Number of protein chains: 2
Amino acid sequence: MSSVIKARVTVTLKNGVLDPQGKAIEHALSGLGFGGVGQVRQGKVFDVELAETDKAKAEADLKAMCDRLLANTVIENYSVAIT
Amino acid sequence: MSSVIKARVTVTLKNGVLDPQGKAIEHALSGLGFGGVGQVRQGKVFDVELAETDKAKAEADLKAMCDRLLANTVIENYSVAIT
């Protein structure tokens, strides 16, 4: 059993929060000739390696990291997936 | 059947490509007292809505979008997931 846990943290904007970056991408895609592009929202992803064997402990740690550093919970949601 | 396909495109740096942002997060997490944090790599995620019913066509379109706009394929990998 490996003692390194790899996790992927995904941080996305909450619904209703303006996303000018996403809007710009939407328009750029239409400009490139891609039809039927609806809403585009941009978010962030963090691939984190943790020296830990206990998955539950790792998940709790990762959530604490999101709350304290990785996400702005006022405007962003996050999800943690152990891979 | 819905005529809108929702997809998540994840763009990550290729192995070996320097990620100063990830390094900064690594150090910040250690500074906050999180022990055992190994490598952190930051990437981007795009949630795209497409007015399309054909999943295969949607996936091909999304890959073309990545090649042309969303990802820099010299230094980045991408993956497309229809949700």
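For clarity, every value in this text was computed on a predicted model and none was experimentally measured.

Student: It is not clear to me how helix α2 (residues 55-70) of chain A should be interpreted in this structure. Could you clarify?
Tutor: A turn of α-helix holds 3.6 residues, and therefore any two residues three or four places apart point the same way. The terminal C-alpha atoms of α2(A) lie 19 Å apart, and with 16 residues this falls more than 12% below the ideal 22 Å at 1.5 Å per residue. Along α2(A), the positions that sit buried rather than exposed are A:A58, A:D61, A:L62, A:M65, A:C66 and A:L70. Buried positions in α2(A), seen along its axis, are confined to an arc of 145° and lie on one side of it. Those residues of α2(A) that are exposed and aimed more than 90 degrees away from the buried face are A:A56 and A:R68. Lining the buried residues of α2(A) we find β1 (4-13), β2 (37-51) and β3 (76-82) of chain A together with α1 (20-31) and β2 (37-51) of chain B. Sitting at the head of α2(A), A:D54 places a side-chain oxygen 3.0 Å from the backbone nitrogen of A:A56.

Student: Where do I start with the pattern of salt bridges in this structure?
Tutor: Where charged atoms from two side chains of opposite charge come close, those side chains can pair. Residue and element names in this part refer to chain A. For the structure shown, the criterion picks out 14 salt bridges over all chains. Taking the shortest distance from any N to any O, the salt bridge between D47 and R8 comes out at 2.8 Å. Taken together, the residues D47 in strand β2 and R8 in strand β1 connect sequence positions 39 residues apart. For D47, a relative accessible area of 22% gives the class partly exposed. Across the pair E76 and K44 runs a salt bridge, and its minimum N-O distance is 3.6 Å. Taken together, the residues E76 in strand β3 and K44 in strand β2 connect sequence positions 32 residues apart. Under the relative-accessibility criterion, E76 is labelled buried at 12%. The partly exposed category is assigned to K44, whose relative accessible area is 29%.

Student: I keep staring at the relation of the copies chain A and chain B and nothing clicks. Help me out?
Tutor: Two chain copies here: they are related by a rotation about an axis and a translation along the same axis. Least-squares fitting of chain A to chain B yields an RMSD of 0.0 Å, with the superposition described by an axial translation of 0.0 Å and a rotation of 180°. In short, the pair behaves as if placed about a two-fold rotation axis. Using C-alpha coordinates, one finds that chain A approaches the rotation axis most closely at A:K44, a distance of 2.3 Å. Of the interface residues in chain A, 100% have counterparts in chain B that sit at the interface too, so the contact is made through matching surfaces.

Student: Honestly, the pairing of β2(A) in this entry has me stumped. Any pointers?
Tutor: Where a strand is regular, its side chains alternate between the two sheet faces. Examined bridge by bridge, β1(A) and β2(A) share 8 bridges and lie antiparallel to one another. Residue pairing across strands places A:T10 opposite A:V45, the latter belonging to β2(A). Bridge count between β2(A) and β2(B): 11 bridges; the pairing is antiparallel. For A:D47, the partnering residue across the bridge sits in β2(B) and is B:R41.

Student: How should I be thinking about the packing of helix α1 (residues 20-31) of chain A against helix α2 (residues 55-70) of chain B in this particular structure?
Tutor: Helices that pack against each other are described as a pair by the angle of their axes relative to one another and the distance between those axes. In the contact formed by α1(A) and α2(B), the axes pass within 11 Å of each other and the chain directions differ by 105°. Of the possible angle classes, the one that applies to α1(A) and α2(B) is roughly perpendicular. Residues A:I25, A:A28 and A:L29 of α1(A) touch α2(B), and the partners they reach there are B:M65, B:L69 and B:L70. Grouping the amino acids of the contact of α1(A) with α2(B) by side-chain chemistry returns 6 nonpolar, no polar and no charged.

Thresholds, definitions, all that
Residues numbered from 1 in each chain as written. Chains lettered and ligands numbered in written order. Predicted model: local features only at pLDDT ≥ 70, side-chain atom pairs only at ≥ 80, totals over all residues. Heavy atoms only, no water. Helix = DSSP H or I, 4+ residues; strand = E, 2+ residues; numbered from the N terminus. Expected span 1.5 Å × (residues − 1). Buried < 20%, exposed > 50% of the residue type's maximum accessible area, 1.4 Å probe, protein only. Arc of directions from axis to C-beta. Contact = heavy atoms within 4.5 Å. Polar contact = N/O pair within 3.5 Å; in protein donor to acceptor, adjacent residues only side chain to side chain. Salt bridge = Lys/Arg side-chain N within 4 Å of Asp/Glu carboxyl O. Least-squares fit on C-alpha atoms with pLDDT ≥ 70 in both. Pairing = 2+ DSSP bridges. Axes fitted to C-alpha atoms, helices over the stretch in contact; angles between N-to-C directions. Parallel < 35°, antiparallel > 145°, perpendicular 65-115°, else oblique. Nonpolar A, V, L, I, M, F, W, Y, C, P; charged D, E, K, R; others polar.

Geometry only, nothing functional implied.
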